[in-house]
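Take a look at the letters that make up each chain.
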Amino acid sequence: MKTNVKTLIAGNWKMYKTLAQAEKLADRLADRLADKLPADREVLLLPPFTALGAVAFSLKDANRFLLGAQNFYPAQEGAFTGEIAPFMLQDLGCTHALAGHSERRHVLGETDGLISRKVAFGLQAGLHMILCIGETLDQRKQGKVEHVLKGQLLLGLTEAKDAAVAPETLSIAYEPVWAIGTGEVAKPSDILSAHAVIRKTLEEMFLDCGGKIRILYGGSVKPDNAAAILCLDNVNGVLVGGASLQDDSFAAIAAAV
Ligand code: 13P
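Draft legend 1. Layout of the pattern of salt bridges. Following the criterion strictly, the structure yields 12 salt bridges and no others. Taking the shortest distance from any N to any O, the salt bridge between Asp112 and Arg105 comes out at 2.9 Å. Judged by its relative accessible area of 11%, Arg105 falls in the buried class. With a closest N to O distance of 3.2 Å, Glu204 and Lys200 form a salt bridge. Residue Glu204 and its partner Lys200 are both found in helix α9 (residues 188-206); the two are separated by 4 residues, about one turn of the helix. Residue Lys200 is classed as partly exposed on the basis of its relative accessible area, which comes to 47%. Look at the salt bridges and you will find they share partners, linking Glu135, Arg140, Lys187 and Asp190 into a network.

Draft legend 2. Up close: the nonpolar core. In terms of nonpolar packing, the biggest core is built from 68 residues, with Leu45, Val119 and Leu157 touching the most fellow members. Broken down by element, this core gets its largest block of residues, 7 residues, from α9.

Draft legend 3. Representation of the layout of surface pockets in the model. Taken as a whole, the largest pocket spans an internal volume of roughly 380 Å³. As for the largest pocket, its lining consists of 14 residues, and the residues nearest its centre are Lys14, Met15, Gln70, Asn71 and Arg104. Grouping the amino acids of the lining of the largest pocket by side-chain chemistry returns 6 nonpolar, 5 polar and 3 charged. Lys14, Ile180, Gly181, Gly241 and Gly242 are, among the 19 residues lining the second largest pocket, the residues nearest its centre. For the lining of the second largest pocket, the per-class residue count stands at 7 nonpolar, 8 polar and 4 charged.

Conventions and cut-offs
Residues numbered from 1 in each chain as written. Predicted model: local features only at pLDDT ≥ 70, side-chain atom pairs only at ≥ 80, totals over all residues. Heavy atoms only, no water. Salt bridge = Lys/Arg side-chain N within 4 Å of Asp/Glu carboxyl O. Buried < 20%, exposed > 50% of the residue type's maximum accessible area, 1.4 Å probe, protein only. Helix = DSSP H or I, 4+ residues; strand = E, 2+ residues; numbered from the N terminus. Core = buried A, V, L, I, M, F, W, Y, C linked by side-chain atoms within 4.5 Å. 1 Å grid on protein atoms, 1.4 Å probe; cavity = no way out; pocket = protein on both sides within 12 Å on 5 of 7 lines; lining within 4 Å. Points joined across faces, edges and corners; volume = space filled by probe spheres on them. Nonpolar A, V, L, I, M, F, W, Y, C, P; charged D, E, K, R; others polar.

Dropping the structure here:
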């Protein structure tokens, strides 16, 4: 199933890029993709917090480029040392944000409860939220992929479900933990079956609206595998890490057909 919304090509820059490097990358991407981005696609850049303002400036005239944050704290404002609120991100031009990335779950110890609060708070604040889910290698070997994905979806969306979500403002990213940063991309059959489980669960949760929620794949997406992934059923975009850090590789992924 392909949704009517545009395919999203998202670049998660993680904890990379100084200000000058970020500006250069955003400028080059806008330049490279000015006339090469297929009409049915949008590009989302997710720089580190420190580069958001500069990248927003670089993208101000770029068509179909969006800006997002990798994280935030789910509160309007307050005594939360070191944290950033959604409205501060929106102030810088962000329209999108991630929640539940595997590095935040596994390195920073974020729980499904906090992730659920972030998804609901971000949506209510007017951000388009991308909830990341995915199984570890051990869970895959134990045949628990479906169980893990359903569980992370149900728990991650618990609070959002009650908040009358417009499906266009929510995306899910399937990122198998074992495929992130390893060069080991999931097989098309693995992506197809995982995305089918996600679609079915979304339809159970949101009825007809579940069919309109974008499902992205992430995990070692590169220029040479992007086209084959993007044409799969229920794949409505990709979330790219390593290959989004260079303008030539990310532009090639964004333009891949
Ligand atoms: P890689 O593309 O480097 O595997 O990273 C994927 C990812 O974590 C995107 O959020």
